[in-house]
Amino acid sequence: MKIILIILSLLLFTGIINGHRNHDSPLNKGLKHRVPGYDARPSGNRRVNPNDPPVQWFTNRVDHYDPQNRNTFKQKFYVNDTYYTAGSPVFYILGGEGPVGASYVTGHFVFNQYAQKFNALLVAIEHRFYGDSIPMGSLSLENLKYLTTQQALADYAAFVPFLTQKYNTGSSKWISFGGSYSGNLSGWLRLKYPQLISAAIATSAPVKAQLDFPEYFEVVSQSIGPTCSSIVSNITQTVTTMLNNGQNEQVQQMFNACDAIVSKLDIATFMESLSSGITETVQYNLDNNNYTFTNITAMCQRFEQSSDPMKEFIDFNNEYNQFSGSQCTLSSYKKSVQYLQSSNYKSVNASSRSWNWQCCTEYGYWQTGSSQNQPFSSAITLDYFTQMCTDIFGPKGFVYQPAIQYILNDYGGTNIQATNVIYERGTIDPWSVLSVQSPPNSESQVFLIEGGSHCSALYPPKPDDLPGVTEAREMEIALISSIVFNN
């Protein structure tokens, strides 16, 4: 499921503005999924591939809870009916914190193989305020008040009877799918609308909203091992000492910083950027999606076998920047804020703006360096993230307090009482500590994938899949079979 505020949901992408990559927050990096060949910007009615199913639109309400508000917006969705036969299930793929593309229903995920097996109708819908599904056509502060989890779930529920009538699916069972943030939504949709959703798959879903999330870096440390973590820690300490001694220009040159490192907020921005290559390598390690340019073993071998670990890390950081579409290491707090202030939904940073809003108002999820059991900078503080909320959205001096207790109370946190749900997580996924740890009831299942990364079971099989990934898919097929054939 990094913004500098973040993120699973199923995508966020990298873009370039003035030579800098799209400024993702820690949560963005936690929750995003790249889809090869797909553009981060809204696509409108454009088809990436002429064989893709066409874009379709559903007229949804802007506010489901105010009867006097009759405003509507167009919500994007895709349908693949290639395998569908009457009476078979509908596989409902929920959009998360990024644009939805046709690849959601044409084979990027494992759902297509399930659809062939069950003759299912594949449907993917975009989340409000992401991609092209923008109420009032703007990401202005006035409009973002309608970007809430509650409204998003109501969108997804309202869509079910519409699609049922449009495709004449009758009494077909609806099964929702999601990964990371959209994994949350999948489980919560089943919880809140059990009359519409018969079962749900919630992959790598961080259902426990949490303001300060230092455990993220702790899991990264555990995943790369003590030797590798110690090397990273030493590099962090060396860079920190140099900055404390006023050697900012030398640090800027060493790491090809995009801008001068001047303020404490610049230092936090820069140090957070230095953590990104390592945290993303861990999060998406061997995930069948070619999301990272390396893996944990190869990365740590570089550091551990080098006679000059600092130089090796600098080279690694440069390679990560290039892979991410950037020519330098992000270092300006002011520019980081500016990137996220545009209300233009066609901006390459639009998804990051929307997701930052959700973090600032609902989830937190801020990956700080406050723990002693991790190798990254303690300059990455909770105050840094809360200050960014204020500076992005305003007004000046206002302190954002995410409605975390409301989210936990309304949906249950890790004790979510939905039935017919599978919650999967991987042991090396830093987000796993916020996922459901044990079955909340006798009619839900939890599966821990040994060695699994973030959303690793979402993608089509490959010959060298981890045994746990294969077993997770078998568990999903068994649940779907029980719903389709036994009910």
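The rules behind each value
Residues numbered from 1 in each chain as written. Predicted model: local features only at pLDDT ≥ 70, side-chain atom pairs only at ≥ 80, totals over all residues. Heavy atoms only, no water. Helix = DSSP H or I, 4+ residues; strand = E, 2+ residues; numbered from the N terminus. Expected span 1.5 Å × (residues − 1). Buried < 20%, exposed > 50% of the residue type's maximum accessible area, 1.4 Å probe, protein only. Phe/Tyr/Trp six-rings, centres within 6.5 Å; stacked < 30°, edge-to-face > 60°. Salt bridge = Lys/Arg side-chain N within 4 Å of Asp/Glu carboxyl O. pLDDT = per-residue confidence, 0-100. Contact = heavy atoms within 4.5 Å. Disulfide = S-S within 2.5 Å.

(A) Region of the structure containing helix α5 (residues 181-192). With 12 residues, α5 should reach 16 Å at 1.5 Å per residue; the first-to-last C-alpha distance of 16 Å fits that figure. Most of α5 sits out of view: 10 of its 12 residues are buried. Those residues of α5 that fall on the buried side of the exposure criterion are Y181, S182, G183, N184, L185, S186, G187, W188, L189 and R190.

(B) Representation of the packing of aromatic side chains. Within this structure, the stated rule accounts for 42 aromatic pairs. Look at F58 and F162: their rings are 4.6 Å apart centre to centre, the planes differ by 35°, and that puts the pair in the tilted class. Taken as a pair, F58 in strand β3 (residues 56-61) and F162 in helix α4 (residues 149-166) lie far apart in primary sequence, 104 residues in all. Among the aromatic residues, ring-to-ring pairing joins Y181, W188, F213, Y216, F217, W355, Y363, Y365, F376, Y411 and W431 into one connected group.

(C) Here's a closer look at the pattern of salt bridges. For the coordinates displayed, the defined rule picks out 11 salt bridges. Between R128 and D155 there is a salt bridge; the shortest N-O distance is 2.6 Å. Linking R128 in the loop between β6 (121-125) and α3 (141-144) with D155 in helix α4, this pair joins segments that are 27 residues apart in sequence. We classify R128 as buried; its relative accessible area is 0%. The shortest N-O distance in the salt bridge between E312 and R302 comes to 2.9 Å. Taken together, the residues span a long stretch of sequence, with E312 in helix α11 (residues 309-323) and R302 in helix α10 (residues 296-305) at a distance of 10 residues. The partly exposed category is assigned to R302, whose relative accessible area is 22%. Several salt bridges share partner residues, and in doing so they unite K76, E126 and D132 into one network.

(D) Local environment of the confidence of the model for the protein. Mean pLDDT over the protein works out to 91, with 90% of the residues at or above the 70 mark. Under a pLDDT of 50 for its full length, residues 1-23 has, in the predicted model, 191 contacts with residues more than four places off or in other chains. Ignoring residues within four places in sequence, the model shows residues 25-41, a span with pLDDT below 50, making 125 contacts including any to other chains.

(E) Expanded view of the state of the cysteines. Using the criterion set out here, one finds three disulfides in the structure. Between the sulfur of C228 and that of C300 lies a disulfide, 2.2 Å long from S to S. Sign of the S-S torsion, about -85° for the bond between C228 and C300, identifies this disulfide as left-handed. Linking C228 in helix α7 (residues 226-244) with C300 in helix α10, this pair joins segments that are 72 residues apart in sequence. Pair check on accessibility: C228 and C300 agree, each one buried. Disulfide pairing places C258 opposite C328 at an S-S distance of 2.1 Å. Across the S-S bond linking C258 and C328, the dihedral sits near 95°, which makes this disulfide right-handed. Linking C258 in the loop between α8 (248-254) and α9 (264-283) with C328 in the loop between α11 and α12 (333-339), this pair joins segments that are 70 residues apart in sequence. Here C258 matches C328 in class, with each residue buried. Once the bonded cysteines of the protein are numbered in order along the sequence, the disulfide links fall as 1-3, 2-4, 5-6.

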